[in-house]
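# Structure at a glance
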Amino acid sequence: MRTQSRTLNSTSYDSIWSVDGSESEKVKLADYKFSSHWILRFLGSCNGLVCIWGRSTEHEISICFCNPATKEYKRIVSESVPSYDSIHINAFGYDCKAGDYKLIFLDEHVEFTELLVYTLGSNTWKSSQSVPYTFNKERQTGVLVNGAFHWLGQARNKNSSKLIVVFDFCTEKFDELQLPEELLEKRHLPMTVGVLEGRLCVVVTVSEVSFQVWVMQDYAVQESWAPLYTFDHSEDYMSDYDADYDALKLMPSFRNGHILVKMALEPLHKIHGVPND
């Protein structure tokens, strides 16, 4: 069977999709010495540096950090590198205080959530089981806003509502932000976190054919949440909708008022959002 060959190009936005390893989706990245039979998964990008997880046909697992502009790369082969199935939450970012890049993984177990941190400059791994949040073992992309990564989650060991979990790359500490009170009253609304014009937001399914974009206009101020956009979609998508996180992924917005939305297992959709009065 003929395999598809792809080239990794420089991009300013985290929009390179994951690869599931099927015959038609096998990838060739010659510049970074991955053969065409490697199964690859995009983990993130920061300041032009791209992070990729890979597994060879011999089941060797590694992580590659590469700069498409300069062709420089560093490949890490370690027993600490998690398997594909155990990667539910990850983030790649820059520690401005240490002047170093960090890659983190969150592996959720029944009794605890483990944090695994890899620091690129020192080539070191460390782990902790003190993460006070649960993510229901859902794969989430997360978003980088205000120098920290954000995901949807819940506080562990108590019956709490959804909230936004925040990870600071400099302190390696977690914090939380509350969702809009109106959304907390409707606990089972499917939603995902996003970023719109540099501001934290959540995309919320409000009906079978309607979505809203709530934007936190002042960071970390719960009262500043506002539903700025409402847009519609066909019922065909909602008929197969059963995911809670990352089913909707907000992409870069356009100056003409259009918003790009990635829907689970579907192509990109450009939707004209209607500003709410």
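A short tour of the structure in this document, coming up. (Residues numbered from 1 in each chain as written. Predicted model: local features only at pLDDT ≥ 70, side-chain atom pairs only at ≥ 80, totals over all residues. Heavy atoms only, no water.)

Quick look at the pattern of salt bridges now. All told, the structure shown has six salt bridges when counted by the stated rule. Residue Arg75 pairs with Glu60 through a salt bridge whose shortest N-O separation is 2.7 Å. Linking Arg75 in strand 4 (residues 72-77) with Glu60 in the loop between strand 2 (49-55) and strand 3 (61-67), this pair joins segments that are 15 residues apart in sequence. Across the salt bridge formed by Arg199 and Glu197, the nearest N and O atoms sit 3.7 Å from each other. Assessed through its relative accessible area of 25%, Arg199 is described here as partly exposed. Counted as one network, the salt bridges with shared partners bring together Asp95, Lys102, Lys126 and Glu172. (Salt bridge = Lys/Arg side-chain N within 4 Å of Asp/Glu carboxyl O. Helix = DSSP H or I, 4+ residues; strand = E, 2+ residues; numbered from the N terminus. Buried < 20%, exposed > 50% of the residue type's maximum accessible area, 1.4 Å probe, protein only.)

Time to look at the pairing of strand 1 (residues 39-46). Burial analysis of strand 1 places eight of its eight residues in the buried class, which makes it a mostly covered element. Bridge count for strand 1 against strand 2 is seven bridges, and the pairing is antiparallel. The partner of Ser45 across the bridge, within strand 2, is Val50. From the end of strand 1 to the start of strand 2, which pair antiparallel, there are two residues, and Asn47 there has a positive phi angle of about 55°. (Pairing = 2+ DSSP bridges.)

Another aspect to go through is unusual backbone geometry. Notably, Asn123 is not glycine yet its phi reads approximately 55°, a positive angle. With respect to the element layout, Asn123 can be found in the loop between strand 7 (113-119) and strand 8 (124-131). By relative accessible area, Asn123 is classed as partly exposed at 42%.

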